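# An overview of the molecular structure
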Amino acid sequence: MRKHLKFTRRSFLGSLPAVAASIQIVPRHILGGQGVLSPNETPTKAVIGVGGMGRGHLKNINPGAKLVAVCDVDKGHLKTALDQSGGDVKGYHDFRDVLSRKDVDIVHIPTPPHWHALISIAAAEAGKDIWCEKPMTRTIYEGEKVVEAVQRNKRIFRLNTWFRFRSGFYGMGTTVEPIKKAVQSGMLGWPLKVTLNQATGFNWKHGWSGRTDLTPQPVPEALDYDFWLGPAPFKPYHPHRVHATFRGYWDYDGGGLGDMGQHYIDPTQYIMGKDHESPVEIEADTDPQDKDAVTAWRWIRFKYADGCEILLDGENKLKDAAYIEGPNGKLFKGFKSDIPDFEKKLAQFPDPEPQVTDFLEAVRERKPFALNDQNGHRSCTIVNLGKIALRTGRVLRFDNKTQRIINDADANSYIKQPMRAPWVI
C-alpha cells in the first residue's frame, strides 16, 4: 500500500505514471481546448470516504455526475458502496489511485475532517474539481493551503452545506434570502447581534462529545486503522474514535461545533456580509476541555471590528433571543419581526445579488460556486477560532490580514498543527 508520500505537488505528480503525471493538472473535459464541459457531456465523479455520510454522496448528492469510483480504508464500507453502486464503478483503498485516473472530473470528500485538506489539495493538484464535506478543514492553516491550491490550479470547489442559497434555514421558517435582504436593506440597523440556540432554531449537539474512558481494543480486520488516522496523532484503536462517533475527538473534528458550525455560521456570515473578514475577538465559557475528547461548553462569542457579534448559546439560556437584531429591530424564529409592517416594508427593497447555485453549471462554465473555497474558508475559520477559544480558555484577538492570533503563541499552535509523518502539506 502506497501511503508514505509527502504531499507536495511535485511528489504527488511524481508518484503517478509518467504519462498520467504529465497531464493530471489538465482535466479530461478541457483537453480539447474549450475549457468547459459541453452541455451534453456528463461529468464523472469519485467518492472518497463511503461511510455513513459518504453513502449519500453516491447517488443523492450531485446526482447529475456519473459515479465511476469509490474509495475507503474500511473494506466493509467499500463493499457496501460497491454493492449500492453497481455498474462499472471501481473500488479503491488508496485515494491517490483514484486521483491518478484521467477520467475523473469531480472528487467528493466526505471523509472525517482531518483528511479534508490533504485530499482537497491533492485533488486540486491532480486537476479535479472538488465537492467537500463540512467543516472545510480542521485547522485555519489547512484552510489557507486549500484556498491556495484551488486558486493556483483554477479548480471549482464547493462545500456540502447549502443553507446560504437553498432550503429552509432551520428555525427561521424561510430560506436565507429574505433574511439577507432585511439586513442589506438597513431595516435592522447596525451593528448586528446573532444568537444561535434552541430559541432561534439551532441545536449544538453536545451529544457529539467524546469519551475520556477509552481503553485500547483490537483493530477490526476490515479497517486499515493506520491509514484512517493518516495525519492525526497515533492513539490506540477504540470504536468510539472512528466512523459514526469520530466527531467527539479534537484530532479529527470538534464535536457539535465541528459538525454543525458551518451549517449555522456560514449562512450567518453571508447574511451579515462578512464573507471577506473574520471576527477579531473570540471568547468562550467552558469547563476545562480534555486534551483528547471534546466536551460540552456554555457559550462562545465572536466579535467583529465593526461591533457585530455572533453568540453561540450552548446551554440555551437565552429563551427569548432573536436570531438577529440591530438597534432598529429584531428577527425571531419563524421570520417574525418586531418592526411594524415588516414584510410589506421589506418587499420594497431589492433582492440580494444572484449566486451560482448549480455546481455542474459552475464546473461547465468555470464560475465560482456560491459557497466556495474562499468564503467557505472564512466561515470555517470562525468554527476553528471557536475551537481554539474552547481549548485555551482565553480571550483571543485575531488579525484579519495575517489570519493569526495576536501575541499568543500557544493559541497559534492550534492554527498550524503538525501532521503525523509521513503526511505533510
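Residues numbered from 1 in each chain as written. Predicted model: local features only at pLDDT ≥ 70, side-chain atom pairs only at ≥ 80, totals over all residues. Heavy atoms only, no water.

### Side note on the overall build of the protein chain
Helix and strand counts for the protein chain come out as 14 helices and 15 strands. For 425 residues, the compact-globule estimate of 2.2 N^0.38 gives 22 Å, and the C-alpha radius of gyration of the protein chain, at 22 Å, lies within 12% of that figure. Counting only residues that meet the buried cut, the protein chain has 57% of its 425 residues in that class. In the protein chain, the proportion of contacts linking residues at least 24 apart, taken out of those at least 6 apart, comes to 67%. Surface exposure of the protein chain reaches about 17400 Å², of which carbon and sulfur atoms provide 52%. For the protein chain, the distance from the average site of its 58 positive side-chain charges to the average site of its 50 negative ones is 3 Å. (Helix = DSSP H or I, 4+ residues; strand = E, 2+ residues; numbered from the N terminus. Rg over C-alpha atoms; globule rule 2.2 N^0.38 Å. Buried < 20%, exposed > 50% of the residue type's maximum accessible area, 1.4 Å probe, protein only. Contact = heavy atoms within 4.5 Å. Areas by Shrake-Rupley, 256 points an atom, 1.4 Å probe, with all protein chains shown as cover. Lys, Arg positive; Asp, Glu negative; His and termini not counted. Charge placed at Lys NZ, Arg CZ, Asp CG, Glu CD.)

### Considering the sheet that holds strand β10 (residues 309-313)
Ordered by their spatial adjacency, 9 strands build an open sheet running β13-β12-β11-β7-β10-β9-β8-β14-β15, and the pairing between neighbours is mixed. Here the strands that pair on one side only, and so sit at the sheet edges, are β13 (336-337) and β15 (404-405). Two elements, strand β8 (residues 281-285) and strand β14 (residues 396-399), share 2 bridges in a ladder whose sense is antiparallel. What sits directly across from I282, in β14, is L396. Against the sheet, helix α10 (residues 255-271) touches β7 (193-196), β9 (299-303), β10 and β11 (324-326), its axis set at about 155° to β7. (Pairing = 2+ DSSP bridges. Axes fitted to C-alpha atoms, helices over the stretch in contact; angles between N-to-C directions.)

### Section: the packing of aromatic side chains
Following the criterion strictly, the structure yields 26 aromatic pairs and no others. With a centroid separation of 4.9 Å and 75° between ring planes, the pair formed by W204 and Y264 is classed as edge-to-face. Here the residue W204 occupies a position in the loop between β7 and α9 (225-229), and Y264 occupies one in helix α10, the gap between them amounting to 60 residues. With respect to class, W204 is no different from Y264; both count as buried. Ring pairing ties together the aromatic residues W162, F163, F169, Y170, F202, W204, Y264, W297 and Y323, which thus form one cluster. Above the plane of the ring of Y249 lies R241, whose end atom (NZ or CZ) is 5.0 Å from the centre. Here the basic side chain of K274 rests over the ring of Y304, its NZ or CZ set 4.8 Å away from the ring centre. (Phe/Tyr/Trp six-rings, centres within 6.5 Å; stacked < 30°, edge-to-face > 60°. Lys NZ or Arg CZ within 6 Å of the ring centre and 35° of its normal.)

### Section: the environment of H93
Here H93 is to be found in the loop between β3 (90-92) and α5 (95-99). Remark: the alpha-carbon pair of H93 and A123, spanning 30 residues in sequence, is separated by 16 Å.

### Section: the sheet that holds strand β5 (residues 129-132)
Here we have 6 strands laid out as an open sheet, ordered β3-β2-β1-β4-β5-β6, and parallel in their pairing. The open sheet has two edge strands, β3 and β6 (157-159), and neither has a second partner. Taking each pair of neighbouring strands and ignoring which way they run, the sheet shows an average axis angle of 20°. Here 3 bridges tie strand β1 (residues 44-48) to strand β4 (residues 106-109), and the two strands are oriented parallel to one another. Looking across to β4, one finds that A46 is bridged to V107. Packing against the sheet, helix α3 (residues 52-59) makes contact with β1, β2 (66-71), β4 and β5, and its axis sits at approximately 170° to β1.

### So, the pairing of β1
In terms of residue burial, β1 counts as a mostly covered element, since 5 of its 5 residues are buried. Of the two faces of β1, the one carrying T44, A46 and I48 and the one carrying K45 and V47 are both buried. Examined bridge by bridge, β1 and β2 share 5 bridges and lie parallel to one another. Residue pairing for β2: T44 is matched across the bridge by K66.

### Quick look at unusual backbone geometry
Backbone torsion omega between W190 and P191 reads 5°, so that peptide bond is classified as cis. Its location among the elements puts P191 in the loop between α8 (176-184) and β7. Here the bond from A421 into P422 is cis, since omega is 10°, no more than 30 degrees from zero. The topology assignment puts P422 in the segment after α14 (409-412). Backbone geometry at S167 places phi at a positive 75°, although glycine is not the residue there. Within the secondary structure, S167 is located in the loop between β6 and α8.

### Digging into α3
Residues G54, H57 and L58 constitute the buried set of α3. Taken down its axis, α3 places every buried residue within 115° of arc, on the same side. Exposed side of α3, more than 90 degrees from the buried face: G52 and K59 are the residues found there. Looking at the packing, one finds that the buried side of α3 touches β1, β2, α4 (75-85), β4 and β5. (Arc of directions from axis to C-beta.)

Read these as layout, nothing more, since geometry by itself doesn't imply function.
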